[in-house]
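Secondary and tertiary structure notes
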Amino acid sequence: MADVDPGLTARPAHVPPELVADFDLFDIPGGEDDVQLAMRAFQQNCPDIFWTPRNGGHWVVSSYRLVADIMRDAALFSNKPYTIPTYDEAVLAPLLVDPPRHGPLRAVLKGFLTPRAAVDLADEIRRQAALLIDA
């Protein structure tokens, strides 16, 4: 694939040409009608993993099995940067950093993200939502 379009990022040398596909996560064919259906149709016809020159160039993993494997292997697959487009590295969010920095950040939030904590906040969330909707 030739990177002629100025909106495309050049294929890095380590990416084999056969693993390149022109895919734009923000402009999936058919997505204007039903983005979930369009993404499913795309997934059924694409490789499990490929590199796209769109949005700064990035890898796309379309298989749940591979995503699960990748998320469990911090030694081989880094969590930074994985957002499209990439994020500011100064942002410290537990999902955006690798171990060992991940642990202390997650520990701070752990108590706030339990099912019990969500139940305890439900009434306040409903109240705030009603205020916002009424406004």
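Whatever comes next refers back to the structure up there.
A separate point is unusual backbone geometry. Positive phi, normally seen in glycine, also occurs at N55, with a value near 55°. Tracing the chain through its elements places N55 in the loop between β1 (49-52) and β2 (58-61). N55 sits in the partly exposed class, given a relative accessible area of 29%.

Looking now at the pattern of salt bridges. Enumeration over the complete set of coordinates arrives at five salt bridges. Taking the shortest distance from any N to any O, the salt bridge between R65 and D48 comes out at 3.7 Å. Taken together, the residues span a long stretch of sequence, with R65 in helix α2 (residues 64-71) and D48 in the loop between α1 (35-44) and β1 at a distance of 17 residues. Between D123 and R126 there is a salt bridge, with its nearest N and O atoms 3.4 Å apart. Here the residue D123 and the residue R126 both occupy positions in helix α4 (residues 115-134), the gap between them amounting to three residues, near one helical turn. Accessibility expressed as a relative area gives 59% for D123, which makes it exposed. Using a relative accessible area of 55% as the deciding quantity, one classes R126 as exposed.

The next point concerns a nonpolar patch on the surface. A grouping of V108, L109, F112 and L113 is seen on the molecular surface, where their side chains present a nonpolar patch of about 460 Å² in accessible area. Here V108 is to be found in helix α3 (residues 102-110). Taking the relative accessible area as the measure of exposure, V108 reaches 59% and is therefore exposed.

Attention now moves to the pairing of β1. Where β1 and β2 come together, four bridges link them in antiparallel fashion. By the bridge assignment for β2, I49 is matched with V61. What sits between the antiparallel neighbours β1 and β2 is a turn of five residues, in which N55 has the positive phi angle 55°.

About the thresholds
Residues numbered from 1 in each chain as written. Predicted model: local features only at pLDDT ≥ 70, side-chain atom pairs only at ≥ 80, totals over all residues. Heavy atoms only, no water. Helix = DSSP H or I, 4+ residues; strand = E, 2+ residues; numbered from the N terminus. Buried < 20%, exposed > 50% of the residue type's maximum accessible area, 1.4 Å probe, protein only. Salt bridge = Lys/Arg side-chain N within 4 Å of Asp/Glu carboxyl O. Patch = residues over 30% accessible without salt bridge, like charges linked within 9 Å, V, L, I, M, F, W, Y side chains within 5 Å. Areas by Shrake-Rupley, 256 points an atom, 1.4 Å probe, with all protein chains shown as cover. Pairing = 2+ DSSP bridges.

Geometric values such as these leave the question of function open.
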